[in-house]
Each structure stands twice: as structure tokens, then as C-alpha cells.
Amino acid sequence: MNAQIFRERRRRVLEAMGSGVLVIPAAPVAIRNHDVEHEYRQDSDFYYLTGFEEPESVLVLSSEAPEAMTLFLRERDPEREVWDGARAGLEGARETYGADRAFAIGQLDEELPRLFEVDRVFYAFGRDPQFEARFFAALGAARRRAKTGARFPTEIIDPGKVLHRLRLLKSGEELQLMTRAIDITREAHVRAMAEAAPGKYEYEIDAVLSQVFRRRGSPRPAYGSIVGSGPNATVLHYRSNNRQMQDGELLLIDAGCEYEYYASDITRTFPVNGSFSEPQRAIYEVVLEAQLASIRAVRPGATLDDVHRASVEVITRGLVQLGLIEGPVSEAIEELRYRPYYMHKTSHYLGMDVHDVGPYFEGGKPRPLQAGVVITVEPGIYIAEESAAPEAYRGIGVRIEDDVLVTDQGHRVLSAAIPKTVADVEAACRGELG
Ligand code: GLY
Ligand code: MN
Ligand code: MN
């Protein structure tokens, strides 16, 4: 994305703030051990407003100064750059990233109090304790200067209030990146379906996913890939991915790549040997019908509760019909009898973060969906091996997850090209698709 897009985002967030100063530190570096660091990924809020990926930086946006954007960052350092690669430096901050002013990060404690001659500061507590100490120190310094007549912040506001509302509504450029992420993820899932076979290990399929992600320019998965076979498909956050797959089992893959800071989040479930058994197909068809019913409920004005309820109704009816729970259906819904088999919600927001930001409630009520919001729709049925279900169904876990854009007309399934019907999934397992 070009510099103009980030500039426009800053303009909009300043407009939404009204007056005040916004402070967002870059994501802290996480040490893995000794001098080895975990892979670095910039903080989503910070990146959304800057496009700047270096650690040890702080963004300050001010509605009051003529210089709206101040960036604190690492100075150029030829010796360090031999080891770690090029840095933008102060000049790069101004010329490439549009900062009105740039300071070395070492000057933060001295300069920040000067930027705090305002009534309101937008800052998110509880994320980065080390930075927080410096933030408080700057606040204290600004307060001490009050006796000279300078203003100091008397209100501290969570920036999510303005920023996350903007992030919730996706622009054309953002949707292009999400569509790209989803297309890469489509190829990964289709290949995984073709490659899976009895006797292979879950991590071999995990490797297929990663290979497609990286080959097509995605830097990383948007979250840890779940590759769960047989009974592992019933473990919601299964992450070990180290079991040998057996003939006659299902494989549940919940994996999506990140592309230019935008996430995809897709689940497909398919038979390891390429053909659903009768009990597997019966459960799969219920989940698919539930998912389609929930997708139909996605439109402006509907709430995520409405979307969830559509899945609960279909799943409960299916579980009653298959003899896993007792009816009648309305009573089973009322008494939450479906819960042992469907224990999570159907949707979450999707964007730069897999569980994206944005308000779920407003005034104590679920917030209605708006055109431009992207959500997941991901019902499932999970029948643990030790459950009281009829034996034929034990150990079956099915989830189907798509990424859905709310449009003025209703919705668009961004991941519609990923095989989902029984016939398409079986064809993909035979290697006939993609
Ligand atoms: N992969 C995380 C989720 O589906 O919410
Ligand atoms: Mn998922
Ligand atoms: Mn999800």
C-alpha cells in the first residue's frame, strides 16, 4: 500500500479523535533465548497508521500541532545495519513514511512531555508495561510543567474507541489484500486435500500449507495452523500436529495465511482416504447446512447473535434427528442440549488480526453488522471419543469456516472458491481440483 493510504488513515483517525494526542508504540521485541529474538511482527494499530515495520519506534499523532505526525525511531547505524539490515533512519521517516518530525528513539523521554501540552491523550494501557512506565513518566513531567501555565492531559482515552471503528470497516485496498490472502489459503487447502493420505503425519500436511503460504509471498500464517486428524479434530485449539493419520478418519484443517498484514481464517474438514463414511457424511452435511443458514443470515442490520442462532437451530435439529440429543428441537435449544457438541460461537471479526478489533457490543446490545465488515462463519460439531454419543459418531469432529464480507445487498463469501460440498471435497481429495 502506498504512503497516501496511510496518510489518509491518519487524517481520518485525527478527525475521529477531535482533539488530543494519540500515542502508539511499535510492538515490543520478544526474546526467545539469549540474543535470539522471536520473529518480529509490527503491532497492527501501529502498522495501520504508518506502514512502518521497524521495532523500537513510537508514533505520536497530534490534532493540535501543525506537525501532525511525529515518529520516534532508531537512527541509522552502519555497524548495526551490517548485522540486522537497513534502517529507515530519521530522513527515511520523513521522506518515505510521511512523518512531519522524526526523533531518535533515545530522545523519547525528553520530547514526549512537550507533546503532551493537550487536554486529552489517546493511549491503550495494558499492552506493553515497559513502554507504559515511560508513558507515565512523560505524563508526570507534563503535569509538573502545569504551574508554568502549560496544559497537561486530564483525560486518557482508549484509542480503540476511534481507531478500531475505522479498522472494522474495510476499504477496497484492504479487501484486495484479504482476497489475496484467501486465494493463497485456497491453494493451500486444496493441495492439503490432495496430499493427505492414511499413514502420513499431520505435520506433513502442515508443511504443505506453509510451503504454499511462503511460496506465494505470505510471510506467515495468520495464527498457528490446526491440522487435527481423527479424535484431534474434536480438540478446538489442537496445535501439536504430530499424529499419524489413519484410514477412515477425518482431517480438520484450520489454517489461513497473512498477506501484507491481513489475515485469512479458513477451516475445511475432509476424509483422509478421500471418501466420507456414512456417519461422517451425516455430521458433515448438518454442519454444512448450518453454515449455509448462518451465511444467509449475514446482512447489514443483523447481529452476530442472529448469525449464530441460525447455526444453533440447524445443528440442534440435526443432532436430534441423528439421535445424539433428545428433542423436541425448541426445547433442546432452550436447554442448550447442543452445547456438549457445539460449544463455541459462530463468528468473529476478521482483518489485520485474526480475531480482529472493533466493537461487538454497543450500549450493552450486540452491534448490528454494517457493509464493509468481514466476519468468519464457522459452525462445527465435535463428538469426543469419550462422549455418550452412539458409537458410530464418536471421535468425529467437523468445522467449516469461511470469510464473509457484509455488503449493502447482504454478503459476499470471499472464500467461496474453496471446495466445501461433499462432492467437491471428495474431488479435491482425488486431486481433481486446483
Ligand atoms: N483459527 C482461529 C479461529 O477460527 O477463530
Ligand atoms: Mn479458524
Ligand atoms: Mn475463526
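Up top you'll find the structure we're talking about.
A. Spotlight on the packing of helix α10 (residues 278-296) against helix α11 (residues 304-321). Where α10 meets α11, the closest approach of the two axes is 8 Å, and the angle between their N-to-C directions is 155°. Compared by their axis directions, α10 and α11 come out roughly antiparallel. Considering only the axes of α10 and α11, their crossing is right-handed. Facing α10, whose interface residues are Val286, Glu289, Ala290, Gln291, Ala293 and Ser294, α11 presents Val307, Ala310, Ser311, Val314, Ile315, Arg317 and Gly318. Residue classes in the contact of α10 with α11 are distributed as 7 nonpolar, 4 polar and 2 charged.

B. A look at the site of ligand 1. Neighbouring ligand 1 are the residues Tyr223, Asp254, Asp265, His348, His355, Glu378 and Glu401. The contact in question runs from an oxygen atom of ligand 1 to an N or O atom on the side chain of Glu378, over 3.1 Å. At a separation of 3.3 Å, an oxygen atom of ligand 1 approaches a polar side-chain atom of Glu401. Of the residues assigned to the shell around ligand 1, the class counts are 1 nonpolar, 2 polar and 4 charged.

C. Region of interest: the sheet that holds strand β1 (residues 21-25). Pairing is mixed across the open sheet formed by 6 strands, whose spatial order is β6-β5-β4-β1-β7-β8. Since the sheet does not close on itself, it has two edges, and those belong to β6 (101-104) and β8 (155-157), each with one partner. Going from strand to strand, the sheet's axes swing by 20° on average, the running direction of each strand aside. Relative to strand β5 (residues 69-73), helix α5 (residues 108-115) is tilted by about 165°, and along the sheet it contacts β1, β4 (58-62), β5 and β6.

D. A nonpolar patch on the surface, seen in detail. Where nonpolar side chains cluster on the molecular surface, the patch consists of Phe125, Phe136 and Ile156 and spans about 260 Å² of accessible area. The topology assignment puts Ile156 in strand β8.

E. Structural view of the nonpolar core. Judged by nonpolar contacts, the single largest core of 103 residues is most densely connected at Leu49, Leu251, Ile253, Leu369, Ile375 and Ile381. For Leu251, the contacting residues outside a window of four places in its chain are Ala196, Ile205, Val227, Gly228, Ser229, Met245, Arg268, Thr269, Phe270 and Val272. Counting 19 residues, the second-largest nonpolar core is a separate cluster that includes Leu115, Phe116, Val121 and Ala138.

F. Expanded view of the coordination of the manganese ion (ligand 2). Note on the manganese ion (ligand 2): its protein donors are Asp254 (OD), Asp254 (OD), Asp265 (OD) and Glu401 (OE). The metal-donor distances range over 2.0 to 2.4 Å. Geometry at the manganese ion (ligand 2) is irregular, judged from its 6 donor atoms and the angles of 56 to 172° they form at the metal. Sequence spacing of the donor residues for the manganese ion (ligand 2), all on one chain, is D-x10-D-x135-E. The distance between the manganese ion (ligand 2) and the manganese ion (ligand 3) comes to 3.3 Å, with Asp265 serving as a donor to both metals. In this pair, Asp254 is assigned in strand β11 (residues 250-254) and Glu401 in the loop between β19 (397-399) and β20 (402-406), connecting sequence segments 147 residues apart.

G. Here's a closer look at the coordination of the manganese ion (ligand 3). Protein ligation of the manganese ion (ligand 3) involves Asp265 (OD), His348 (NE2), Glu378 (OE) and Glu401 (OE), the donor distances falling in the range 2.1 to 2.2 Å. One way to put it: the 6 donor atoms around the manganese ion (ligand 3) meet at angles of 51 to 153°, and that makes the site irregular.

H. Molecular detail of the pattern of salt bridges. Evaluated as defined, the whole model comprises 40 salt bridges. As a salt-bridge pair, Lys200 and Glu195 come within 3.5 Å of each other at their nearest N and O atoms. Salt bridges sharing partners connect three or more residues here, namely Asp43, Asp45, Arg127, Arg167, Lys170, Asp353 and Asp356.

I. Representation of the sheet that holds strand β21 (residues 411-413) in the model. Taken together, the 3 strands give an open sheet; going across it, the order is β17-β20-β21, and neighbouring strands pair in antiparallel fashion. The open sheet terminates on both sides in strands that have one partner only, identified here as β17 (374-377) and β21. The mean angle between the axes of side-by-side strands here comes to 30°, regardless of whether they run parallel or antiparallel. Relative to β20, β17 runs antiparallel, the two sharing 4 bridges. Residue Ile375 lies in a different strand from β20, and its bridge partner there is Val404.

J. A look at the packing of aromatic side chains. Using the criterion set out here, one finds 14 aromatic pairs in the structure. Centroid distance Tyr47 to Tyr261: 3.7 Å. Interplanar angle 10°. Geometry classified as stacked. Of this pair, Tyr47 sits in helix α2 (residues 44-50) while Tyr261 sits in the loop between β12 (257-259) and β13 (262-263), and the two are 214 residues apart along the sequence. For Tyr47, a relative accessible area of 9% corresponds to the buried category. For the ring pair Phe276 and Tyr284, a centre distance of 4.8 Å and an interplane angle of 50° mean the geometry is tilted. On the basis of relative accessible area, Phe276 is assigned to the buried category, the value being 7%. Ring pairing ties together the aromatic residues Phe116, Tyr123, Phe125, Phe131, Phe135 and Phe136, which thus form one cluster.

K. Region of the structure containing the pairing of β20. Judged by how many residues are buried, β20 sits mostly within the fold: 5 of 5 residues are covered. Side chains of β20 alternate between two faces, with Asp402, Val404 and Val406 and Asp403 and Leu405 buried alike. Of the strand pairs in this sheet, β20 and β21 are connected by 3 bridges, and their pairing is antiparallel. Bridging from a neighbouring strand, Val406 pairs with His411 of β21. In this antiparallel pair of consecutive strands, β20 and β21, the connection spans 4 residues, and Gly410 shows a positive phi of 155°.

L. Structural context of the environment of Gly363. Along the polypeptide, Gly363 turns up in the loop between β15 (361-362) and β16 (365-366). The sequence separation of Gly363 and Ala290 amounts to 73 residues, and the corresponding C-alpha distance is 29 Å.

M. Structural context of α5. All buried positions along α5 are accounted for by Leu108, Glu111, Leu112, Pro113 and Leu115. On the buried face of α5, the contacting elements are β1, β4, β5, β6 and α6 (129-144).

Thresholds applied
Residues numbered from 1 in each chain as written. Chains lettered and ligands numbered in written order. Predicted model: local features only at pLDDT ≥ 70, side-chain atom pairs only at ≥ 80, totals over all residues. Heavy atoms only, no water. Axes fitted to C-alpha atoms, helices over the stretch in contact; angles between N-to-C directions. Helix = DSSP H or I, 4+ residues; strand = E, 2+ residues; numbered from the N terminus. Parallel < 35°, antiparallel > 145°, perpendicular 65-115°, else oblique. Left-handed = near helix turned anticlockwise from the far one by under 90°. Contact = heavy atoms within 4.5 Å. Nonpolar A, V, L, I, M, F, W, Y, C, P; charged D, E, K, R; others polar. Near = heavy atom within 4 Å. Polar contact = N/O pair within 3.5 Å; in protein donor to acceptor, adjacent residues only side chain to side chain. Pairing = 2+ DSSP bridges. Patch = residues over 30% accessible without salt bridge, like charges linked within 9 Å, V, L, I, M, F, W, Y side chains within 5 Å. Areas by Shrake-Rupley, 256 points an atom, 1.4 Å probe, with all protein chains shown as cover. Salt bridge = Lys/Arg side-chain N within 4 Å of Asp/Glu carboxyl O. Core = buried A, V, L, I, M, F, W, Y, C linked by side-chain atoms within 4.5 Å. Buried < 20%, exposed > 50% of the residue type's maximum accessible area, 1.4 Å probe, protein only. Donors = N, O, S within 2.8 Å, 3.2 Å for Na, K, Ca; no water. Tetrahedral: all angles 85-135°; square planar, octahedral: opposite > 155°, others 65-115°. Phe/Tyr/Trp six-rings, centres within 6.5 Å; stacked < 30°, edge-to-face > 60°.

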